[in-house]
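Below, each chain spelled out in residue letters.
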Amino acid sequence: MCGIVGYIGSGRAYGILMDGLRRLEYRGYDSAGVALERDDGTLSVYKSSGKVADLEHLAEGKDTTGSLGIGHTRWATHGQPNDVNAHPQVSRGGRLALVHNGTIENYRVLKETLSQCGYSFASETDTEVLVQLIDYIQETNHCPLPEAVREALREVDGAYAIAVVERDQPDQMVVARKSSPLVIGVGEGETFVASDATPIVGHTDQVIYLHDNEMAVIRRGKPLEVQSLAGEARPSLDVQTLRLSVAQLEKGGYPTFMLKEIFEQPSTLTDCLRGRITADCRRVVLSGVVENREKFLRAHRIVIVACGTSWHAGLIGKRLIQEMCGIPVEVEYASEFRYGCPRISEDDVVVAISQSGETADTLAAIQLAREMGAFVYGICNVVGSSIPRNTHSGTYIHVGPEIGVASTKAFTGQVTVLVLLALCLAQIKGTLRPYEVEPVAKALQRMPATIKEVLRLAPAVEQLSRTFTYAHNFLYLGRGYNYPTALEGALKLKEISYIHAEGYPAAEMKHGPIALIDDEMPSVIIAPNDSLHDKVLSNVQQVKARGGRVVAVINSGDEAIKSLADYCLEIPEVPECLTPIVASVPLQLLAYYIAVNKGRNVDKPRNLAKSVTVE
Ligand code: G6P
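Computed from a prediction, not measured in an experiment: that's the story for all the values here. The residue count restarts for each chain, going from 1 along the sequence in the order it is written. Selection of residues for local features in this predicted model requires a pLDDT of at least 70, selection of side-chain atom pairs for listing and counting requires 80 or more, and totals for whole chains, interfaces and linings are taken over all residues. Based on all heavy atoms of the structure, the side-chain values leave hydrogens and waters out of the count.

## Observations regarding the sheet that holds strand 19 (residues 393-396)
And step 1. Any two strands are treated as partners once DSSP identifies two or more bridges connecting them. Where helices and strands are cited, they refer to DSSP runs of H or I of at least four residues and of E of at least two residues respectively, numbered from the N terminus. Strand order in this open sheet of 5 strands is 16-15-17-18-19, and the pairing throughout is parallel. Strand pairing shows two members of the sheet lacking a second neighbour, strand 16 (329-333) and strand 19, which therefore form its edges. Between one strand axis and the next, the sheet turns through 20° on average, direction left out of account.
And step 2. Both strand 15 (residues 301-306) and strand 16 contribute to a ladder of 5 bridges, which runs parallel. If you follow V305 over to strand 16, its bridge partner there is E332.
And step 3. Set on the sheet, helix 10 (residues 308-325) makes contact with strand 15, strand 16 and strand 17 (348-354); between it and strand 16 the angle comes to about 175°.
And step 4. Helix 14 (residues 409-429) contacts strand 15, strand 17, strand 18 (375-380) and strand 19 of the sheet and is inclined by roughly 140° relative to strand 18. Helix axes are fitted only over the stretch in contact, all axes being lines through C-alpha atoms; the angle between N-to-C directions runs from 0 to 180 degrees. Any pair of residues with heavy atoms lying within 4.5 Å of one another is described as a contacting pair.

Okay, structure coming up:
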């Protein structure tokens, strides 16, 4: 969702901002804009609905000089995705320009008050209200911009990351955040600002993460000032070194990020597992779990909160933890958690799963769980994002930046970490002995090679995908560990191909979806040689008996299913608890190739955002 980039230095801001906006495209957006301040203090704003390329087109031939600027990609929340609602939003007379991620919840009240003071509003956005409020305070109090920003933010309820520039002040930018991330990149005589580190990579690896309720005043040639909204200077700037490279943000020869990320899984799983299994494969060490063993040992229950693909990983986590550790687990949609009268106590451990670490609903669930006294553990990918900063402890999945909106390598990374967590916890609780850990740990160590083997299916899946390009509906079925795999397979297909797909527990099919089955509706059935294989086999028979077409994901040599299914994708055999990792890969490929056949923009599917920072 919305992205922010800002620059102040000796270079040309426009090019830096446009490159930054392109890097932010993956988050999902529907309009973009920039404000540029020339050295003589004139401020120009260019903004347009559509893509960054449309903005570039608009700015062609216009004056784009200036070494101070802010830019934004907007994902519409308040008002249509049109030119007027795009950011930057400007104050009365175009004196201030502001970009904003998040939502100002009390914007209606503020708008009403400002209207009574003679302000009018061109857009439907909450952001315009904020910039007019800053303008009003500055005009009324005759104060410098930083003071006016601080005052205004005290009046505001909601979430924000903002960057503001002022006409006739070409040496200054003010930024602030609350519940929406903001990173400051510190270069040689230049400073960068962004909502995540991607626009900063390649310019500098020195970054400062702004904390909640902090603002920073960035002045050309002057030391950076970071202070709380109460006005207290931060004692230490806490400069961190980014471990991201430009290569990680590029397609590396693949036609899309999604395909690159699917094919990266052998190496991302290697990174995810690194240092977490002992050489003899008899012990798993997740430092976050080991360091908090008392909290986990005391847990009467574990509650997993997550959204989307991460929620599917959570369902697999439930089965893993219940089976290996004997602790009851509940899995909640983070978006529903706070509205479901949650009963959380100090004896609960809440595990929040999120690739981006920025999902607003997951953050809200974490906050509530903390307030209710639970110990909160995060499983995230993006280092330094909001969720790891708001949880008591956690584990990074370390799969590198995921740019494709549809999650692939993050899902397999999340499931891998959940297996590690369950194994580590089982050791601590004594529910698994080293000899029981060993076969799973060994199979995990082999997982990168196993996935490499699965990826050899790509040409066959591509060919198969052509059979289904024009299907209107799909059913995905699985049981036990692979019921969530079915949900995830269906989600992948609908996200990027826009074909309606439903994931279902295979046995539940007969309670409803069976009515839909005919030769027009393919069923993808996940049926590895696990404890439920024979039961899934009868589900395959039920579909075939009704004239349905079956694509089965099976282990090599499964003649029983091969003789029934129309198409089979054969995957290597692994311990049952690891089957979702292996089985999800052909489903990613199937969704990918069907979407490509349909000419879809797989990396940036319509209406979706990579990082959902609003409720
Ligand atoms: C969005 C993305 C999904 C993702 C979900 C949760 O909807 O498009 O791919 O699964 O958010 O995101 P998170 O970053 O919390 O895992």
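Having seen it, we continue.
## A closer look at the site of the ligand
And step 1. Residues in contact with the ligand amount to 14 residues; listed here are only the nearest, S310, S354, Q355, S356 and T359.
And step 2. The contact in question runs from an oxygen atom of the ligand to an N or O atom on the backbone of T309, over 3.0 Å.
And step 3. For the ligand, whose unbound accessible area comes to 390 Å², protein coverage reaches 90%.
And step 4. Examining the composition of the shell around the ligand, we find that 3 residues originate from one element, helix 10, more than from any other.
And step 5. Looking at the shell around the ligand residue by residue, the classes come out as 4 nonpolar, 8 polar and 2 charged. Neighbouring residues are identified by heavy atoms, a residue being near a molecule or strand if any of them is within 4 Å of it. Here a polar contact is taken to be a pair of N or O atoms separated by no more than 3.5 Å, where protein atoms must pair a possible hydrogen donor with a possible acceptor and residues adjacent in sequence count only if both atoms sit in side chains. We get accessible surface area from the Shrake-Rupley algorithm with a probe of 1.4 Å; when it comes to residues, only the shown protein chains can shield them. Amino acids outside the nonpolar list (Ala, Val, Leu, Ile, Met, Phe, Trp, Tyr, Cys, Pro) and the charged list (Asp, Glu, Lys, Arg) are all regarded as polar, and Gly is one of them.

## Structural notes on the sheet that holds strand 6 (residues 96-104)
And step 1. Taken in spatial order, the 6 strands make up an open sheet running 5-6-7-8-12-13, and their pairing is antiparallel. Looking at which strands have only one partner, the edges of the open sheet turn out to be strand 5 (89-90) and strand 13 (225-228).

## Section: the nonpolar core
And step 1. In this structure, F474, Y476 and L578 are the most contacted members of the largest nonpolar core, which totals 98 residues.
And step 2. The dominant element in this core, judged by the number of residues it contributes, is helix 14, at 14 residues.
And step 3. Not counting residues within four places of it along the chain, the set of residues in contact with Y476 comprises A486, G489, A490, L493, A501, E502, G503, Y504, V524, L587 and L590.
And step 4. We define the nonpolar core as a collection of buried residues of types Ala, Val, Leu, Ile, Met, Phe, Trp, Tyr and Cys that are connected through side-chain atoms lying within 4.5 Å of one another. Throughout this description, buried means an accessible area under 20% of the type-specific maximum (1.4 Å probe, protein chains only), exposed means over 50%, and partly exposed covers the range between. Residues L21, I200, V201 and L249 belong to the second largest nonpolar core, which totals 30 residues.

## Points about the state of the cysteines
And step 1. Count a disulfide wherever a pair of cysteine sulfur atoms falls within 2.5 Å. In this structure the tally under the stated criterion is 0 disulfides.
And step 2. Here C341 is not disulfide-linked; the sulfur of C307 is the nearest cysteine sulfur, at 19 Å.
And step 3. Unpaired in this structure, C577 has its nearest cysteine sulfur neighbour in C325, at a distance of 11 Å.

## Quick word on the side chain of H312
And step 1. Along the chain, H312 turns up in helix 10.
And step 2. The contact partners of H312, leaving out residues within four places of it in the chain, are F411, P484, L487, E488 and L491.

## Observations concerning unusual backbone geometry
And step 1. Cis geometry marks the peptide bond from H87 to P88, where omega comes out at 0°.
And step 2. If you trace the backbone, P88 turns up in the loop between strand 4 (68-74) and strand 5.
And step 3. With a phi angle near 55°, H398 is a residue other than glycine that sits in the positive phi range.
And step 4. Of note, H398 is situated in the loop between strand 19 and helix 14.

## A few points about the pairing of strand 17
And step 1. Counting buried positions along strand 17 gives 7 out of 7 residues, so the element sits mostly inside the fold.
And step 2. By the alternation rule, side chains of strand 17 split into D348, V350, A352 and S354 and V349, V351 and I353, which are all buried.
And step 3. As defined by bridge partners, strand 15 adjoins strand 17 across 6 bridges and the pair is classed as parallel. The residue bridging V305 from the neighbouring strand is A352, located in strand 17.
And step 4. Bridge analysis of strand 17 against strand 18 gives 6 bridges, and the strand direction is parallel. The residue bridging V349 from the neighbouring strand is F375, located in strand 18.
And step 5. Classification remark: right-handed applies to a crossover when, strands pointing away from the viewer, the course from the first strand over the helix to the second runs clockwise. Following the chain from strand 17 across helix 12 (residues 360-371) to the adjacent parallel strand 18, one finds a crossover that is right-handed.

## Considerations on the pattern of salt bridges
Oppositely charged side chains are able to pair whenever their charged atoms sit close together.
And step 1. Criterion for a salt bridge: a side-chain nitrogen of Lys or Arg within 4 Å of a carboxyl oxygen of Asp or Glu. One pass over the structure, following the stated rule, counts 30 salt bridges.
And step 2. Where E264 meets K409, a salt bridge forms, and the shortest distance between an N and an O atom there is 2.8 Å. You can see E264 sitting in the loop between helix 6 (257-263) and helix 7 (265-273) and its partner K409 sitting in helix 14, a full 145 residues away along the chain. In terms of burial, E264 and K409 fall into one category: buried.
And step 3. In this structure, E462 and R466 form a salt bridge, with 4.0 Å as the shortest nitrogen-oxygen distance. In this pair, E462 and R466 both sit in helix 16 (residues 458-468), 4 residues apart, roughly one turn of the helix.
And step 4. The class for R466 is exposed, based on a relative accessible area of 52%.
And step 5. Each member of the salt-bridge network shares a partner with another, and the members are R95, D135, E139 and E166.

## A word on the environment of R154
And step 1. For R154, the location among the structural elements is in helix 5 (residues 145-154).
And step 2. For the pair R154 and N213, spaced 59 residues apart in sequence, the C-alpha to C-alpha distance is 9.7 Å.
And step 3. In this structure, R154 is in contact with L229 and A230, ignoring residues within four places of it in sequence.
And step 4. Within the local environment of R154, its side chain forms a polar contact with the side chain of E151, the two groups lying 2.9 Å apart.

## Examining the pairing of strand 12 (residues 214-219)
And step 1. Within strand 12, 5 of the 6 residues are buried, which leaves it mostly tucked inside the rest of the structure.
And step 2. Sheet topology note: the strand 8 (residues 172-178)/strand 12 ladder contains 6 bridges and is antiparallel. Along strand 12, the bridge assignment pairs A176 with M215.
And step 3. Here strand 12 pairs with strand 13 via 4 bridges, running antiparallel. Residue E214 lies in a different strand from strand 13, and its bridge partner there is S228.
And step 4. Here strand 12 hands over to strand 13 after 5 residues, with G221 in that stretch at a positive phi of 75°.

## Observations concerning the environment of D39
And step 1. Summarising the element assignment, D39 is placed in the loop between strand 2 (31-37) and strand 3 (43-49).
And step 2. Given a relative accessible area of 57%, D39 falls into the exposed group.
And step 3. Sequence separation of D39 and L68 is 29 residues, and the distance between their C-alpha atoms is 8.1 Å.
And step 4. Here the side chain of D39 touches S67 through a polar contact of 3.2 Å, side chain to side chain.

Just distances and angles here, no functional claims.
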